[in-house]
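Here is what each chain is made of, one letter per residue.
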Amino acid sequence: MATIKVNRGTTVPITVNYTVDGVAADITGSKILFTVKTVEYDSDTVDATAVITKSVSSHTNPTAGISTITLLPADTRSLTPGDYYYSIKIDKNSNDLVVYELSEGTFTIDGDPTNRIA
């Protein structure tokens, strides 16, 4: 299980590299799904219980299998510091028929004494 640690209320780019058998694979037309929840598993099929959801279909370098999920300050500003759970999946054809998990693990929000943004 991997760990992603972010400071609450900051901009955080998360780079995704999609490979098949160790070789970069084209993700043109694919959708990257990023979800953070307070529990590792639930039966919520639409992720309504998620504290963060991101969907990326415009990729950094799609033919090289590279995409970037960008967390904005608003995505984490209201979250209580502590441990959550995340997963990153790829919907290969953006049609919910071929979906692979790329990464999952612990998502840690680190507290920060600065709350203002201006």
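Refer to the preceding data block for the structure.
In short, a report on the structure. (Residues numbered from 1 in each chain as written. Predicted model: local features only at pLDDT ≥ 70, side-chain atom pairs only at ≥ 80, totals over all residues. Heavy atoms only, no water.)

1. Some thoughts on the sheet that holds strand S5 (residues 31-37)
Thought 1: An order of S1-S9-S8-S5-S6 is seen for the five strands of this open sheet, with the pairing classed as mixed. At either margin of the open sheet sits one strand with a lone partner, and together these are strand S1 (2-7) and strand S6 (52-56). Taken pair by pair, the neighbouring strands of this sheet meet at an average axis angle of 25°, ignoring direction.
Thought 2: Bridge count between S5 and strand S8 (residues 82-91): seven bridges; the pairing is antiparallel. Its bridge partner lying in S8, Leu33 is registered against Lys89. (Pairing = 2+ DSSP bridges. Helix = DSSP H or I, 4+ residues; strand = E, 2+ residues; numbered from the N terminus. Axes fitted to C-alpha atoms, helices over the stretch in contact; angles between N-to-C directions.)

2. Things to note about unusual backbone geometry
Thought 1: At Asp21, a position not held by glycine, the phi torsion is positive, near 55°.
Thought 2: Even without being a glycine, Asp47 presents a positive backbone phi close to 60°.
Thought 3: Among the structural elements, Asp47 can be located in the loop between S5 and S6.
Thought 4: Assessed through its relative accessible area of 28%, Asp47 is described here as partly exposed. (Buried < 20%, exposed > 50% of the residue type's maximum accessible area, 1.4 Å probe, protein only.)

3. Brief notes about the packing of aromatic side chains
Thought 1: In total, this model carries two aromatic pairs according to the counting rule given.
Thought 2: Measuring from centroid to centroid gives 6.0 Å for Phe34 and Phe107, while their planes differ by 65°, and the two rings are edge-to-face. Residue Phe34 is found in strand S5, and its partner Phe107 is found in strand S9 (residues 99-110); the two are separated by 73 residues along the sequence.
Thought 3: Under the relative-accessibility criterion, Phe34 is labelled buried at 1%. (Phe/Tyr/Trp six-rings, centres within 6.5 Å; stacked < 30°, edge-to-face > 60°.)

4. Regarding the pattern of salt bridges
Thought 1: One pass over the structure, following the stated rule, counts three salt bridges.
Thought 2: Between Lys37 and Asp47 there is a salt bridge, with its nearest N and O atoms 2.9 Å apart. In this pair, Lys37 is assigned in strand S5 and Asp47 in the loop between S5 and S6, connecting sequence segments ten residues apart.
Thought 3: Residue Lys54 is joined to Asp75 by a salt bridge in which the shortest nitrogen-to-oxygen separation is 2.8 Å. On the criterion of sequence distance, the pair formed by Lys54 in strand S6 and Asp75 in helix H1 (residues 73-76) is long-range, its members being 21 residues apart.
Thought 4: Sharing partners across several salt bridges, the network here consists of Lys37, Asp42 and Asp47. (Salt bridge = Lys/Arg side-chain N within 4 Å of Asp/Glu carboxyl O.)

5. Considering the pairing of S5
Thought 1: Burial analysis of S5 places five of its seven residues in the buried class, the great majority of the element.
Thought 2: The sheet contact formed by S5 and S6 spans five bridges and is antiparallel. What sits directly across from Leu33, in S6, is Ser55.

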